[in-house]
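Chains, contacts and geometry: an overview
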Amino acid sequence: QVQLVESGGGLVQAGGSLRLSCAVNGISFSVNPMAWYRQAPGKERELVAHITSGGSPLYVDAVRGRFTISRDNAKNTVFLHMNSLKPEDTAVYYCNVPVSSDWRRGLIGSWGQGTQVTVSS
């Protein structure tokens, strides 16, 4: 069974930084792309960043230049380094394998519990 376990969230002031981690079990991690998503209160879950199996990153406009996605294939873990955080980054953050035809969707139906990021102004 596939497991996605996110961690590293917390409460931080605007301008601060956090590093999120997602441990993945039950798939061949190194051959799969990975993505981070977030869901703010009252909003739909949205794609934040994507990383190929080879480590090439892509970002949505809202986080480009502030967030960095990376992966450690030896540890089956994907990271999201978040700098210059803004109140609008407040959300629950999740990782998943992105659906190849639509990265906005996660391939693994059983999403993890997510990790809460709260940015105060």
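Preceding block: the structure.
Calculation rules
Residues numbered from 1 in each chain as written. Predicted model: local features only at pLDDT ≥ 70, side-chain atom pairs only at ≥ 80, totals over all residues. Heavy atoms only, no water. Helix = DSSP H or I, 4+ residues; strand = E, 2+ residues; numbered from the N terminus. Pairing = 2+ DSSP bridges. Axes fitted to C-alpha atoms, helices over the stretch in contact; angles between N-to-C directions. Polar contact = N/O pair within 3.5 Å; in protein donor to acceptor, adjacent residues only side chain to side chain. Contact = heavy atoms within 4.5 Å. Phe/Tyr/Trp six-rings, centres within 6.5 Å; stacked < 30°, edge-to-face > 60°. Buried < 20%, exposed > 50% of the residue type's maximum accessible area, 1.4 Å probe, protein only. Lys NZ or Arg CZ within 6 Å of the ring centre and 35° of its normal.

Moving on to the environment of Gly55. With respect to the helices and strands, Gly55 occurs in the loop between β5 (46-51) and β6 (57-59). Distance from Gly55 to Gly26, taken between C-alpha atoms, is 20 Å for residues 29 residues apart in sequence.

The strand order β1-β3-β8-β7 describes an open sheet built from four strands, whose pairing is antiparallel. The open sheet is flanked by β1 (3-7) and β7 (67-72), the only strands paired with a single partner. Sheet twist, expressed as the average angle between the axes of neighbouring strands with direction ignored, equals 15°. Direction of pairing for β7 relative to strand β8 (residues 77-82): antiparallel, over a ladder of six bridges. By the bridge assignment, Ser70 is partnered in β8 with Phe79.

Spatial strand order, β2-β12-β9-β4-β5-β6: six strands in an open sheet with mixed pairing. The open sheet has two edge strands, β2 (10-13) and β6, and neither has a second partner. Shown here is a sheet whose adjacent strand axes are inclined to one another by a mean of 25°, direction ignored. As paired strands, strand β9 (residues 91-96) and strand β12 (residues 115-120) are joined by three bridges and run antiparallel to one another. Bridge pairing in β12 places Val92 opposite Gln116.

On to the side chain of Asn96, then. Turning to its location among the elements, Asn96 is positioned in strand β9. Within the local environment of Asn96, its side chain forms a polar contact with the backbone nitrogen of Leu107, the two atoms lying 3.5 Å apart. One polar contact links the side chain of Asn96 to the main-chain carbonyl oxygen of Ile108, over a distance of 2.9 Å. Residues in contact with Asn96, not counting those within four places in the same chain, are Leu4, Met34, Ala35, Tyr37, Gly106, Leu107, Ile108 and Trp111.

We now examine the packing of aromatic side chains. Enumeration over the complete set of coordinates arrives at two aromatic pairs. Aromatic side chains Tyr37 and Trp111 sit 5.1 Å apart centroid to centroid with 80° between the ring planes, which places their arrangement in the edge-to-face category. With a gap of 74 residues between them, Tyr37 in strand β4 (residues 34-39) and Trp111 in the loop between β11 (102-106) and β12 connect regions that are remote in the sequence. The buried category is assigned to Tyr37, whose relative accessible area is 0%. Accessibility expressed as a relative area gives 24% for Trp111, which makes it partly exposed. When the centroid spacing of 5.9 Å and the interplanar angle of 85° are considered together, the rings of Tyr94 and Trp111 count as edge-to-face. Highlighted residues: Tyr94 in strand β9 and Trp111 in the loop between β11 and β12, separated in sequence by 17 residues. By relative accessible area, which is 12% here, Tyr94 ends up buried. Linked through ring pairs, Tyr37, Tyr94 and Trp111 together constitute an aromatic cluster. Above the face of the Trp111 ring, Arg45 is positioned so that its terminal group lies 3.6 Å from the ring centre.

Remember, this is a structural readout, not a statement about activity or role.
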